[in-house]
Amino acid sequence: MLLVVAGYVVTQYVTSSTGPARCLVRTAGEKPEDYEIKPEQAANAATITAVASQRGLPERAVTIALATAMQESSLRNIEHGDRDSLGLFQQRPSQGWGTERQIQDPVYASGKFYDHLVEIPGYSRLPLTVAAQRVQRSGYPQAYAKHETHASLLTAALTGRRAAAFNCTTGPAGGDGKAGSATRLRARLVREFGTGVLPGQKTDAPAPPTGNAALGEEPRSGADRRETDEDVLAAGGGPRGHRAADKDPSKVDIPVRPGRRGWELAHWAVANASDLRIEEITYRNRVWSASSSEEGWRPREDRGGGTGGERTVSVRLATGN
């Protein structure tokens with residue numbers, strides 16, 4: 001009887017709004033509906049989106065990549081597949097996609113997918129199934145189409161076009177009582193978004209490809225991401241917050257320009273909250289807290305002060321028990 005009760009309690013925790021069980025994107029309109037995925041899937045989707053951001057690729061590229069990964073792996077970094085297929089996109093070492101270790105690195109795998117995608121002339125104007133198939137050479141090319149609606153929904157949220165549209169329920173700071181690492185958070189940001197996301201940092205991530213303009217593709221922001229973040233520094237939006245974060249090991253302030261870049265980074269942080277043990281994220285007039293994550297993005301109570309704002313995404317990490 002005790003085992004049955006214990007099993008019930010664990011099940012309720014994992015499936016409840018306070019357990020590390022789900023991430024949600026809500027559709028817009030009069031009758032909104034939720035699209036639900038697991039935190040592991042959300043983190044992988046955020047990585048795919050971040051790599052596109054680093055390369056200045058348009059939303060359509062993100063939607064194609066997400067729909068492809070949804071079909072190939074259900075957005076999971078799996079260690080198996082047809083023949084020697086591996087990872088998010090089921091890329092094959094024997095077909096020149098990279099080593100097994102490289103392919104199972106979501107940043108690398110996403111970059112290789114985009115390397116092939118941008119070589120397709122006018123890919124953003126092609127039907128999603130056609131663009132994905134020209135990269136993947138799948139035996140079931142029409143299967144990508146069924147994921148386009150959800151991929152588009154995720155894209156709108158993770159690129160920051162829809163503000164406060166993405167939420168993960170994690171429980172208090174991930175629920176494991178361990179401290180987060182500002183160093184690890186910064187390293188992840190730089191590797192996925194590129195050097196411009198945190199001025200003064202370096203990364204071994206692949207450089208953005210050239211030639212997108214010749215393909216008729218416009219970057220989402222209309223400007224290079226590195227220039228955007230350097231402009232923020234020049235305008236006074238970053239250095240003070242960055243130095244403050246160095247003094248407080250539990251806090252990282254990310255300088256941004258007002259608009260979708262901020263929500264792009266804020267949603268990325270939510271998607272990675274469980275893994276990175278993030279306790280709180282503040283941007284503009286909204287705050288997300290692990291301890292009340294079932295409520296999603298809430299209005300800030302201290303709108304006149306505190307950290308966060310239009311020029312800063314403020315991330316506070318768990319300090320441990």
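Counting restarts for each chain, with residues numbered from 1 along the sequence as it is written. Since the coordinates come from a predicted model, pLDDT governs what is reported: local features require at least 70, and pairs of side-chain atoms require 80 or more to be given and counted, while whole-chain, interface and lining totals use all residues. In computing side-chain values, all of the structure's heavy atoms are included and hydrogens and water are not.

Q: Outline the packing of aromatic side chains, supporting the account with residue identities and numerical values.
A: The pairing test for Phe, Tyr and Trp rings, Trp by its six-membered ring, is centres within 6.5 Å, and the orientation test on the planes gives stacked under 30 degrees, edge-to-face over 60, and tilted for anything in between. One pass over the structure, following the stated rule, counts 5 aromatic pairs. For the pair phenylalanine 89 and phenylalanine 113, a centre-to-centre distance of 4.8 Å together with 15° between the ring planes defines the contact as stacked. Within this pair, whereas phenylalanine 89 is found in the loop between helix 3 (59-73) and helix 4 (100-103), its partner phenylalanine 113 is found in helix 5 (residues 106-117), the two being separated by 24 residues in sequence. Grouping residues by exposure puts phenylalanine 89 and phenylalanine 113 together as buried. In textbook terms, an aromatic cluster arises when at least three aromatic residues are bridged by ring pairs, as seen for Phe89, Phe113 and Tyr114. A run of H or I in DSSP counts as a helix once it spans at least four residues, and a run of E counts as a strand once it spans at least two, with each numbered from the N terminus. Only protein chains enter the accessibility calculation, which uses a 1.4 Å probe; a residue is then buried when its area is under 20% of its type maximum, exposed when over 50%, and partly exposed in between.

Q: Report on the environment of alanine 45, specifying residues and quantitative values.
A: Its location among the elements puts alanine 45 in helix 2 (residues 39-54). For alanine 45, a relative accessible area of 0% puts it in the buried group. Taking the C-alpha atoms as reference points, alanine 45 and leucine 75, 30 residues apart in sequence, are found 6.7 Å from one another. Working rule for contacts: check all heavy atoms of both residues, and any pair within 4.5 Å makes them a contact. Once residues lying within four places of it in the same chain are set aside, the contact partners of alanine 45 are Leu66, Leu75, Leu154 and Leu158.

Q: Describe the sheet that holds strand 6 (residues 286-289), with residues and values.
A: For two strands to pair, DSSP has to find at least two bridges joining them. With antiparallel pairing, 5 strands are arranged side by side in an open sheet as 4-8-5-6-7. Taken across any chain shown, the strands that pair with only one partner, and hence form the sheet edges, are strand 4 (251-255) and strand 7 (298-299). Alignment of strand 4 against strand 8 (residues 312-317), held across 5 bridges, turns out to be antiparallel. Bridged to isoleucine 254 within strand 8 is valine 313. Axis angles are defined between N-to-C directions and span 0 to 180 degrees, where every axis is a line fitted to C-alpha atoms and, for a helix, only to the segment in contact. Contacts between helix 11 (residues 260-271) and the sheet are confined to strand 4, strand 5 (278-283), strand 6 and strand 8, with strand 5 contributing the most and set at about 165° to the helix.

Q: Any details on the sheet that holds strand 2 (residues 34-37)? Residues and values, ideally.
A: Sheet architecture is open: 3 strands sit in the order 2-1-3, paired in antiparallel fashion. The open sheet has two edge strands, strand 2 and strand 3 (166-169), and neither has a second partner. The average undirected angle you get between the axes of adjacent strands in this sheet is 25°. Summarising the sheet, strand 1 (residues 22-26) and strand 2 pair through 4 bridges and their orientation is antiparallel. When the sheet's bridge partners are listed, arginine 26 is paired in strand 2 with aspartate 34.

Q: Describe the nonpolar core, listing the residues and the values that go with them.
A: Buried residues of nine kinds, namely Ala, Val, Leu, Ile, Met, Phe, Trp, Tyr and Cys, make up a nonpolar core once their side-chain atoms join them within 4.5 Å. If you look at the biggest cluster of nonpolar residues, it comprises 76 residues, and the most contacted ones within it are Tyr114, Leu117, Leu154 and Phe166. Among the elements that make up this core, the one with the highest residue count is helix 3 (8 residues). Apart from the residues within four sequence positions on either side, leucine 117 is in contact with Ala61, Ile64, Tyr123, Ala131 and Val135.

Q: Now, about the environment of proline 121: what can you tell me, with residues and values included?
A: Along the chain, proline 121 turns up in the loop between helix 5 and helix 6 (128-136). Proline 121 gets classed as exposed once you look at its relative accessible area, which sits at 61%. Each C-alpha atom, one on proline 121 and one on alanine 131, is 9.8 Å from the other, the two residues being 10 residues apart in sequence.

Q: Help me get a handle on the state of the cysteines, residues and values and all.
A: In this description, the term disulfide denotes a pair of cysteine sulfurs within 2.5 Å. Applying the stated criterion across every chain yields a total of 1 disulfide. Cysteine 23 shares a disulfide with cysteine 168; S-S distance 2.0 Å. The sign of the S-S torsion, about 105°, decides the handedness of the disulfide formed by cysteine 23 and cysteine 168: right-handed. With cysteine 23 in strand 1 and cysteine 168 in strand 3, the pair connects residues that are 145 residues apart, well separated along the chain. Looking at cysteine 23, the relative accessible area reads 0%, which means it is buried.

Q: Now, about the confidence of the model for the protein: what can you tell me, with residues and values included?
A: In predicted models, pLDDT denotes the confidence assigned by the predictor to each residue on a 0 to 100 scale. Chain-level pLDDT for the protein is 80 on average; 74% of the residues reach the 70-or-more range. No element of the protein has a lower mean pLDDT than helix 9 (residues 225-234), at 35, and none a higher one than helix 5, at 98. Contacts from residues 3-20, a stretch scored under 50 in pLDDT, to residues over four places away or in other chains number 21 contacts. Long-range and interchain partners of residues 202-246, a stretch whose pLDDT sits below 50, account for 83 contacts in this model, where long-range means more than four residues apart.

Q: Please give an account of helix 2 that cites residues and values.
A: Here the expected span of a helix is defined as 1.5 Å times the quantity of residues minus one. In a regular helix each residue adds 1.5 Å, so 16 residues correspond to 22 Å; helix 2 covers 22 Å between its end C-alpha atoms and thus fits that length. Within helix 2, 15 of the 16 residues are buried, leaving the element largely enclosed by the surrounding structure. One or two positions beyond helix 2, positive phi appears at glycine 56, with a value near 70°.

Q: Residue-level account of the pattern of salt bridges, with values.
A: We define a salt bridge as a contact between a side-chain nitrogen of Lys or Arg and a carboxyl oxygen of Asp or Glu at a distance within 4 Å. This model, assessed by the stated rule, comprises 16 salt bridges. With its nearest N and O atoms 2.5 Å apart, the salt bridge here joins arginine 92 to aspartate 84. Assessed through its relative accessible area of 23%, aspartate 84 is described here as partly exposed. Each of Arg184, Arg188, Glu192 and Asp275 takes part in a single network of salt bridges with overlapping partners.

Q: Just give me the short version of the packing of helix 3 against helix 7 (residues 148-158), but keep the residues and values in it.
A: Running from N to C, helix 3 and helix 7 cross one another at 130°; their axes reach a closest spacing of 8 Å. As summarised for this structure, helix 3 and helix 7 are arranged oblique, according to the angle between their axes. By crossing handedness, the relation of helix 3 to helix 7 is classed as right-handed. Here helix 3 contributes Glu59, Arg60, Val62, Thr63, Leu66, Ala67 and Met70 to the contact with helix 7, which in turn contributes Glu148, His150, Ala151, Ser152, Leu154 and Thr155. Here the term charged refers only to Asp, Glu, Lys and Arg, the term nonpolar to Ala, Val, Leu, Ile, Met, Phe, Trp, Tyr, Cys and Pro, and the term polar to all other amino acids, Gly among them. Of the residues contributing to the contact of helix 3 with helix 7, the split by class is 6 nonpolar, 4 polar and 3 charged. For this classification, under 35 degrees means roughly parallel, over 145 means roughly antiparallel, 65 to 115 means roughly perpendicular, and everything else is oblique. Each crossing gets its hand from how the near helix is turned against the far one by less than a right angle, where anticlockwise is left-handed and clockwise is right-handed.

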